[in-house]
Amino acid sequence: MRFIDAPNGVCYVRSNRIALPHGFSTRIGGVSALPHTASLNLAFGRGDDDAVVLANLDRFTDAVGLPAEVISLPQIHSADVRVVGEADRGLGYQRPADVSCDGYVTAARGVAIGVKTADCVPILLADETAGVIGALHAGWRGTVAGIAQAGVGKMVALGADPARIVAAIGPSIGPCCYMVGDDFAAAVAASPCADLCLPHLARRDGHLFADLPAMNTAILRAAGLRADNIDASGLCTCCDTARFYSHRASHGQRGTMLSAIALPKGD
Ligand SMILES: [Zn+2]
């Protein structure tokens, strides 16, 4: 993955492994003026006027080459993944939504899907041959509940082949910073993905640290993805607060990033 500085000032992260329009936003290049949301906040309800958030979305989609309307519903740390299409365009941003969801898959061209994070793990998926894409929000609850597996399953139902799916795991809190309690370990042990996730908890200097990107990588591998088709950024949001919003580093006073992908519109 690499940072891209777009001509309009937006900085985003892109995977070299996915040719489709996609990007993981940073906090750079927007018009949010509040100290904690400056400057590319992409979520409502963080202190910015909605018009500011929508202006930031325009800047981000322009920079990445995505359709202006993006589907991204309120998130609830579930493992629910929804198949979306043309009729859902802009749901959660340009059009109000009364439902929540943590992941999307689609085979519809010109339909952008995205997930919002500020330490949680954003995952973008693509089987470019089949023309099927996905976007997943994997906080620790969604991770151990198996949202990555659920997302791959929904893509396969639309015609994707796990052996062809490329997964880009974007910037999130890393194992360097994600200190957790013993209650966390107990919840992981009781989860559907315990066997895959427990190896990615490590004790250091008497504290427990979790590696969410590694947990998701293990789950994606178990779902049939090839190791060389998983592109993990290795970027830690909590270590680099000049570039990223981090819930933990800011004690909750922060904006939110968006990770989005679309199949280009056909002729
Ligand atoms: Zn870190």
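Summary of the structure given here. Residue indices begin from 1 for each chain and proceed along its sequence in written order. Local features in this predicted model are restricted to residues whose pLDDT is 70 or higher, and side-chain atom pairs enter the listing and the counts only when it is 80 or higher, whereas totals over whole chains, interfaces and linings include all residues.

The pairing criterion is simple: DSSP has to find at least two bridges between the two strands. Counting from the N terminus, the helices are DSSP H or I runs at least four residues long and the strands are E runs at least two residues long. With antiparallel pairing, three strands are arranged side by side in an open sheet as β11-β13-β12. In this open sheet, the two edge strands, each paired with only one partner strand, are β11 (179–180) and β12 (201–204). Pairing between β11 and strand β13 (residues 207–210): two bridges, direction antiparallel. The partner of valine 180 across the bridge, within β13, is leucine 208. Sitting on the sheet, helix α4 (residues 182–189) is in contact with β11, β12 and β13, with an inclination near 45° to β13. It is the C-beta atoms, placed from the backbone, that decide contacts: two residues are in contact if theirs lie within 7 Å. Angles shown run from 0 to 180 degrees and are taken between the N-to-C directions of axes, each axis being a line fitted to C-alpha atoms and, for helices, limited to the stretch in contact.

A separate point is the pairing of β13. The pairing of β12 with β13 spans four bridges and is antiparallel. Residue arginine 203 lies in a different strand from β13, and its bridge partner there is leucine 208. Between the end of β12 and the start of β13, which pair antiparallel, lie two residues, with aspartate 205 showing a positive phi angle near 50°.

Below, the discussion takes up the sheet that holds strand β9 (residues 132–138). What the six strands build is an open sheet, ordered β5-β6-β9-β8-β10-β14; its pairing is mixed. The sheet is open, and its two edges are formed by β5 (81–83) and β14 (230–232), each paired on a single side. Across the sheet, the mean angle separating the axes of adjacent strands is 15° when strand polarity is ignored. By the bridge criterion, four bridges tie strand β8 (residues 121–127) to strand β10 (residues 166–169) in an arrangement that is antiparallel.

A separate point is the packing of helix α3 (residues 147–157) against helix α6 (residues 212–222). Contact geometry for α3 and α6: axes closest at 8 Å, N-to-C directions at 35°. Where α3 crosses over α6, the handedness of that crossing is right-handed. Taken together, the residues of α6 that come into contact with α3 (itself represented by Ala148, Gln149 and Val152) are Asn216, Ile219 and Leu220. Here the nonpolar group is Ala, Val, Leu, Ile, Met, Phe, Trp, Tyr, Cys and Pro; Asp, Glu, Lys and Arg are the charged ones; every other residue, Gly included, is treated as polar. Broken down by class, the residue content of the contact of α3 with α6 amounts to four nonpolar, two polar and no charged. When the near helix sits turned anticlockwise from the far one by under a right angle, the crossing is termed left-handed; a clockwise turn instead gives a right-handed crossing.

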